[in-house]
Amino acid sequence: MVSTDQAVHNFRRFPVEARRSAAAATEERDQRLKAITKKRSSRAVKLSAEASQRLRRLLGDDTWADLRDLMRQERMTVRDLLQPPQGLESSYADLHRARRRKAKAFLRSRDVRREAIEAIAAGYHEAIGDVFAADENVSPGFHLSNNLDKWLSLSPFHDRALPWGVFEPDDSDDPHRWEVFRPPFFGFNFGFVPVRNDNFVVDRIHTLNPSVGDVGISITMEDGDAGDFDYASGDAFSAIAFAFVPPTTGLVEVLIDAQCVEATHRLETTDEWGWSNSRTTQQNFLMLDVLHPNVAEPSYAAMSTLDETTDDDESFHQEKLSRGTHYFAQLFSAGPVPAGQSVVVCAGTRSFDKSGTNDVSIDSTSDFRWYISSVEVRVSP
């Protein structure tokens with residue numbers, strides 16, 4: 001299943017020319033995004049079907065049908081044994097292990113090697129990972145205090161703390177001078193694109209309080225009863241927005257100072273049958289988007305990643321960034337903007353989560369939230 005939610009924005013306070021170029025860019029981006037998403041979905045459907053066909057050829061039609069019947073029956077048996085009152089004292093772990101033993105015994109009785117099934121799944125996970133590969137327009141983000149020398153070298157305004165320091169705007173005629181934008185912001189932009197097969201449920205929650213620069217994304221992917229070769233991805237962003245008038249033609253360079261509020265990766269997996277496996281990735285970025293037809297796509301700074309391949313019952317809870325700490329990104333627009341024409345600049349966060357699974361139940365949640373403390377903008381020399 002594939003759908004695209006067109007970005008929702010509030011640019012009413014911006015100049016007319018900025019709104020017009022943003023509308024044209026948004027329409028073009030939306031059409032391109034629909035085409036990319038359709039292609040991804042089509043490739044994922046094809047890969048899932050091909051992997052299922054290889055598994056069926058390996059097992060043979062009769063063994064494949066008997067195995068699926070056994071798996072369905074064992075799921076219902078476990079469910080029934082967990083019902084009250086007897087189920088109140090039943091051990092879910094013991095019942096789960098018992099059904100896995102039955103399935104393994106069935107494979108042995110049909111002379112099917114577990115390694116052969118795992119090889120098919122490994123090829124599927126590698127291929128589905130390529131389908132949902134991250135964008136190429138990505139650079140690394142930076143922990144500010146550990147990269148203070150770099151931060152100080154980027155802008156003359158960095159000899160003081162911008163969120164609360166007093167500074168004089170640069171009124172020179174330098175066409176590459178920095179301009180500083182700080183809360184309150186008034187414009188915003190957000191969007192969400194899920195891709196999934198029928199067993200997955202994918203959703204998101206946007207956090208967006210532009211007046212204080214508060215942006216966030218939480219993405220959930222759930223597959224509580226995984227089948228053969230399921231897949232899902234959730235791609236969402238939340239951003240503040242403001243208008244910028246380039247003094248000269250060129251690429252827009254942006255420095256984002258963002259304070260981490262929440263940065264949590266969570267993943268729980270349940271191996272249903274003993275030969276199952278899965279791969280789940282969660283990625284968070286700071287982002288720049290200049291909404292002009294000349295700018296092909298957003299630019300991203302990678303901030304935090306979870307990437308887990310597992311064939312077992314496991315629980316992951318990772319928090320790699322430090323709450324309350326400042327991080328920064330140096331980003332460039334993916335195309336030039338013309339001099340003297342007001343454009344909409346968006347700064348915020350994006351998360352891109354994806355999962356491929358073969359008979360492993362998935363419960364994936366990523367929570368990221370940032371305060372955009374300041375955004376410095378110039379036309380890059």
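Please refer to the structure placed before this passage.
What you are looking at is a predicted structure, and each value in this text was computed from that prediction instead of being measured.

*Asks:* Could you give me a rundown of the side chain of His292, with the residues and numbers involved?
*Replies:* Note that His292 resides in the loop between strand 10 (277-291) and strand 11 (299-310). Of the polar contacts made by the side chain of His292, one reaches the side chain of Gln341; its length is 2.9 Å. Look past the residues within four positions of His292 in its chain and what remains in contact with it is Ser21, Ala25, Val337, Pro338, Gln341 and Val343.

*Asks:* Now, about unusual backbone geometry: what can you tell me, with residues and values included?
*Replies:* Following Pro84, the chain continues into Pro85 via a peptide bond in cis, with omega recorded as 5 degrees. Along the chain, Pro85 falls in the loop between helix 2 (61-81) and helix 3 (92-109). Pro183 connects to Pro184 through a cis peptide bond whose omega is 5 degrees. Considering the arrangement of structural elements, one finds Pro184 in the loop between strand 4 (179-181) and strand 5 (187-196). One non-glycine residue, Asp111, lies in positive phi territory at about 60 degrees. Position of Asp111 relative to the elements: it lies in the loop between helix 3 and helix 4 (114-131). Since its relative accessible area comes to 69%, Asp111 is described here as exposed. Unlike most non-glycine residues, Phe229 shows phi in positive territory, near 55 degrees. Mapped onto the elements, Phe229 comes out in the loop between strand 7 (214-223) and strand 8 (230-244).

*Asks:* Give a description of the pattern of salt bridges that names residues and reports values.
*Replies:* This structure, assessed with the given rule, holds 23 salt bridges. Note that Lys34 and Asp30 form a salt bridge whose closest N and O atoms lie 3.5 Å from each other. One end of the pair, Lys34, and the other, Asp30, are both in helix 1 (residues 16-59), four residues apart, so they sit about a helical turn from each other. Residue classification places Asp30 among the buried positions, given a relative accessible area of 7%. We note a salt bridge from Arg79 to Asp80, for which the minimum N-O separation is 3.3 Å. Among the ionic contacts, a cluster of salt bridges with common partners joins Arg68, Arg75, Asp225, Asp228 and Asp359.

*Asks:* I'd like a description of empty space enclosed by the protein, backed by residues and values.
*Replies:* Tallying each qualifying case throughout the model produces two cavities of 30 Å³ or more. What lines the largest cavity is Leu33, Thr37, Arg40, Val193, Val195, Ser233, Asp235 and Phe352. Among the elements that line the lining of the largest cavity, the one with the most residues is helix 1, at three residues. Residues of the lining of the largest cavity, tallied by class, amount to four nonpolar, two polar and two charged.

*Asks:* So what's going on with the nonpolar core? Which residues, and what values?
*Replies:* Ranked by internal contacts, the top residues of the largest apolar core, which has 37 residues, are Phe11, Phe132 and Val344. Tallying contributions element by element places helix 1 first for this core, with eight residues. Apart from the residues within four sequence positions on either side, Phe132 is in contact with Arg40, Ala44, Val195, Tyr231, Ser233, Phe352 and Lys354. Counting 32 residues, the second-largest nonpolar core is a separate cluster that includes Phe181, Val252, Val254 and Phe368.

*Asks:* Please provide a residue-by-residue account of the environment of Ala116, values included.
*Replies:* Within the secondary structure, Ala116 is located in helix 4. Classification of Ala116 as buried rests on a relative accessible area of 18%.

*Asks:* A description of the side chain of Asp367 should follow, citing residues and the corresponding values.
*Replies:* In this fold, Asp367 is placed in strand 15 (residues 360-379). Polar contacts involving the side chain of Asp367 include one to the side chain of Ser218, which spans 2.6 Å. Filtering out sequence-adjacent residues up to four positions away, Asp367 remains in contact with Ile217, Ser218, Glu262, Ala263, Thr264 and Arg266.

Scoring rules and cut-offs
Residues numbered from 1 in each chain as written. Predicted model: local features only at pLDDT ≥ 70, side-chain atom pairs only at ≥ 80, totals over all residues. Heavy atoms only, no water. Helix = DSSP H or I, 4+ residues; strand = E, 2+ residues; numbered from the N terminus. Polar contact = N/O pair within 3.5 Å; in protein donor to acceptor, adjacent residues only side chain to side chain. Contact = heavy atoms within 4.5 Å. Buried < 20%, exposed > 50% of the residue type's maximum accessible area, 1.4 Å probe, protein only. Salt bridge = Lys/Arg side-chain N within 4 Å of Asp/Glu carboxyl O. 1 Å grid on protein atoms, 1.4 Å probe; cavity = no way out; pocket = protein on both sides within 12 Å on 5 of 7 lines; lining within 4 Å. Points joined across faces, edges and corners; volume = space filled by probe spheres on them. Nonpolar A, V, L, I, M, F, W, Y, C, P; charged D, E, K, R; others polar. Core = buried A, V, L, I, M, F, W, Y, C linked by side-chain atoms within 4.5 Å.

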